Structure formats: C-alpha cells, structure tokens
Amino acid sequence: MANNDMMTWEEAVSWLKSQPDKARLVEACFYDDPILQSAERFYSTTEWHETQRILSGRGGRALDIGAGRGISSFALAKDGWQVTALEPDPSPEVGAGAVFRLAREANLPIDVVTDWGEKLPFDDASFDLVYCRAVLHHARDLNRLCAEAGRVLRSGGLMLAAREHVISNDKDLDVFLRGHPLHHLYGGEKAYRKSEYIFALTQAGLTLSHVLNPFQSDINLFPDTPLDLKRRWSKKLRLPWPAIIPDFALPLAGAVTRGPGRLYSFVARKD
C-alpha cells in the first residue's frame, strides 16, 4: 500500500473489527463494543491488577498519555485518581471522542485533552503519576516525550510505561513491522531498543526502579498468565505438569528471549 493510500488509525481499527477471523485480537486489544463493557473487562484483567499493585498506596493527579479509547483512564479514575486523558486523535471510536463517551457512560470525571505528548500543555510538577500504555513506541521523538513526562511529574511522582515493543537491531524492526496486523494499513508502528527507552527515561531526570521483561510481569504477559505460559512450556518440554516449572524460571527466560517486538514495561520515579 502506497503512503498516500494509508488509512487513518480509526479506519485501520475499523477494518480490523470487520474481519471475522480477528475477533479475538479485537477483544484482546479492547477495541470491542460496547465501550463501557470493554473498559470494565480491562479493569478486571491480571494486567490491571498488577498495575494496581505497583501503584498501591499512591494517589492524586494522573496523566494518561496516549489514552486511546480511554480504558486506562477509566481504570485509573475508578481507582480514585484525578485523571487527565491526553489523546491527539479526536476520532469517536479510537480517540478522544471515545474517551468523552466512555467518561459520560461511566459517570467518571475524566478531563480530555487533544494534544501530543512531545509538547504537553501542562505546568511543571502538575501530576503525581504519568501513565503510558503502549505509547512510547509510537513517539515521534522518544527523548522529547519522556522529557516532557519528567517535567510535568512532581517530586516523588511515578511514571509507568507499560507494554512497550522492544527490538535488538534494525532487522528486528523490519520483522516486527511486517508481522504487525495494522502497520501495513496505517504505517504508525515502531519499536526501540531497550537501551533507548532507558536512556530517554533517565535523561528525563527519572530513576528507574523496575525494567520488567516479557515474562516477568502480568502487565506484559496479558492476555496470557504465568500459568498459561507454564502450560505451553510443559507441553513443549513434555513435562508431566505445569507446576514443575518454578516461578523464577519466567523472568529468567524473559531476560534472554529475543523476539522482535517483545513487550517490556518501565517503572521510574521523579526524585
């Protein structure tokens, strides 16, 4: 598909939702409707439960960068955060329009701002949490976006960048993009080396507390669970039962896996 024939993000997602064989992927990405039901399902996932554990004991103002349809904004607001959803795409199905609709249907006070993460329209030290779900790898300028996130965080605040695609080299990027179900339609996907994410976050004045590899956290594993992973491994290794695989094997395996576009999550603090 030539560049001038590229779809918008909303058109690409609409195409995906129209494909009968992609129903499970649509549901896993929370593109399904009704939107409130989809957001409630996200709130009940093992991914969000692990996010809640990381955020336990915290509260205040949260900035959800790249909010998309608003499922993360919904979850944060439901947990008592004062949420601002930042989403540059105004579309009614996968952008700011969807966040407005979700907030109204859920009766939750979510402020919606249609702007880009690389130039945040907020004062310094405005937020206690900056949350990004599958956002940094879409950045037009990764270093700038992280610098802006660090700027608007208060001292002691937390940044959680969840489910970011990681590559090891340029060849990996080509493989990842060719295998992505929507990149050929809208051309907006990307992935970075783990070291590039870490550099951008630390240069933003943030201190990393966790770099969670693909098998180390339910945040990255979803829609799988650790038990799902153990079941697959035990079947492949012809082991008698999944429980024979110890829990510590998962992060060890995650540290050495090299699949193009593998998922990492980053937790960083503003000192």
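Everything below is about the structure printed above this text.
If you're wondering where the values come from, they're calculated on a predicted model, not measured in any experiment.

Chemist: I'd like a rundown of the packing of helix H3 (residues 35-43) against helix H6 (residues 96-106), residues and numbers included.
Modeler: Working note: a packed helix pair is described by the angle between its axes plus the distance between those axes. The geometry of H3 relative to H6 is characterised by a closest axis approach of 9 Å and an angle of 80° between their N-to-C directions. Taken together, the axes of H3 and H6 lie roughly perpendicular to each other. The residues of H6 that touch H3, namely those facing Ile35, Leu36 and Ala39, are Ala98, Arg101, Leu102, Glu105 and Ala106. Broken down by class, the residue content of the contact of H3 with H6 amounts to 6 nonpolar, no polar and 2 charged.

Chemist: Outline the pattern of salt bridges, listing residues and values.
Modeler: Tallied over the full model, the rule gives 18 salt bridges. For the salt bridge of Asp32 with Arg41, the shortest nitrogen-to-oxygen distance reads 2.6 Å. For Arg41, a relative accessible area of 24% gives the class partly exposed. Here Asp224 and Arg232 are joined by a salt bridge, their closest N and O atoms 2.9 Å apart.

Chemist: Report on the packing of aromatic side chains, specifying residues and quantitative values.
Modeler: Enumeration according to the criterion identifies 11 aromatic pairs in this entry. Looking at Arg140, its charged tip hangs above the ring of Trp116, at a distance of 3.9 Å from the centre.

Chemist: Describe the pairing of strand E3 (residues 110-113), naming the residues involved and giving the relevant values.
Modeler: Going residue by residue along E3, you find Ile110 and Val112 tucked away on one face and Asp111 and Val113 left uncovered on the opposite face. Across 4 bridges, strand E2 (residues 82-86) lies against E3 in parallel orientation. When the sheet's bridge partners are listed, Thr84 is paired in E3 with Asp111. Crossover handedness for the path E2 to H6 to E3: right-handed.

Chemist: Break down helix H8 (residues 170-179) for me, with residues and values.
Modeler: Here H8 has its buried residues at Asp172, Leu173, Phe176 and Leu177. Down the axis of H8, the buried set is contained in an arc of 130°. They therefore lie on one face. Away from its buried face by more than 90 degrees, H8 exposes Lys171, Arg178 and Gly179. Contacts made by the buried residues of H8 are with strand E5 (153-167), helix H9 (183-186) and strand E8 (262-270). For H8, the N-terminal capping position is held by Asn169, with its side-chain oxygen 3.2 Å away from the main-chain nitrogen of Lys171.

Chemist: Residue-level account of the nonpolar core, with values.
Modeler: Inside soluble globular proteins, nonpolar side chains tend to come together where they are buried. Within the largest apolar cluster, 35 residues are counted, with the highest numbers of intra-cluster contacts made by Phe42, Trp48, Leu76, Trp81, Ile110, Leu129 and Tyr131. Contributions of two or more residues to this core are made by H3, helix H4 (46-55), helix H5 (71-78), E2, H6, E3, strand E4 (127-133) and E5. If sequence neighbours within four positions are ignored, Phe42 has contacts with Phe30, Glu47, Trp48, Ile71, Ser72, Ala75, Tyr131 and Arg133. In this structure, Leu63, Ile65, Phe122 and Ala200 belong to the second largest nonpolar core, which totals 29 residues.

Chemist: Kindly report on the environment of Lys270, identifying the contributing residues and their values.
Modeler: Mapped onto the fold, Lys270 is located in strand E8. In the structure, Lys270 is positioned 117 residues away from Leu153 in sequence and 6.7 Å away in space, judged by C-alpha atoms. If sequence neighbours within four positions are ignored, Lys270 has contacts with Gly150, Arg151, Leu153, Arg154, Ser155, Gly156, Gly157, Gly205 and Leu206. Of the polar contacts made by the side chain of Lys270, one reaches the backbone oxygen of Gly150; its length is 2.7 Å.

The rules we used
Numbers given to residues run from 1 along each chain, matching the order in which its sequence is written. The predicted nature of this model means local features are confined to residues of pLDDT at least 70 and side-chain atom pairs, given and counted, to a pLDDT of 80 or more, with totals for whole chains, interfaces and linings taken over all residues. To obtain the side-chain values, all non-hydrogen atoms of the structure were included, while hydrogens and water were left out. The axes are straight lines fitted to the C-alpha atoms, using for helices just the contacting stretch, and the angles between their N-to-C directions are given from 0 to 180°. Numbering goes from the N terminus for both helices and strands, where a helix is a DSSP run of H or I of at least four residues and a strand is a run of E of at least two. In this scheme, roughly parallel covers angles under 35 degrees and roughly antiparallel covers those over 145, while 65 to 115 is roughly perpendicular and the rest are oblique. Two residues form a contact once any of their heavy atoms are found within 4.5 Å. Gly is put with the polar residues, along with every residue not named as nonpolar or charged; the nonpolar set is Ala, Val, Leu, Ile, Met, Phe, Trp, Tyr, Cys and Pro, and the charged set is Asp, Glu, Lys and Arg. For salt bridges, the criterion is a side-chain nitrogen of Lys or Arg within 4 Å of an Asp or Glu carboxyl oxygen. Exposure is judged per residue with a 1.4 Å probe applied to protein chains only, and the accessible area is read against the type maximum: over 50% gives exposed, under 20% gives buried, and values in between give partly exposed. A pair of Phe, Tyr and Trp rings is counted when the ring centres sit within 6.5 Å of each other, with Trp represented by its six-membered ring. The angle between the planes then sorts it: under 30 degrees is stacked, over 60 is edge-to-face, the rest tilted. Think of it as a cone above the ring: NZ of Lys or CZ of Arg counts as a charge over the ring if it is within 6 Å of the ring centre and within 35 degrees of the ring normal. Criterion used throughout: strands pair if DSSP finds at least two bridges between them. With strands facing away from the observer, any crossover in which the path from the first strand over the helix to the second runs clockwise is taken as right-handed. An arc is given here, and it is the one of the directions from the helix axis to the C-beta atoms. Throughout this description, a polar contact denotes any pair of N or O atoms lying within 3.5 Å of each other; where both atoms belong to protein, one of them has to be capable of donating a hydrogen while the other can accept it, and for residues adjacent in sequence the pair is counted only when both atoms sit in side chains. Think of a nonpolar core as a cluster: buried Ala, Val, Leu, Ile, Met, Phe, Trp, Tyr and Cys residues, connected wherever their side-chain atoms sit within 4.5 Å.

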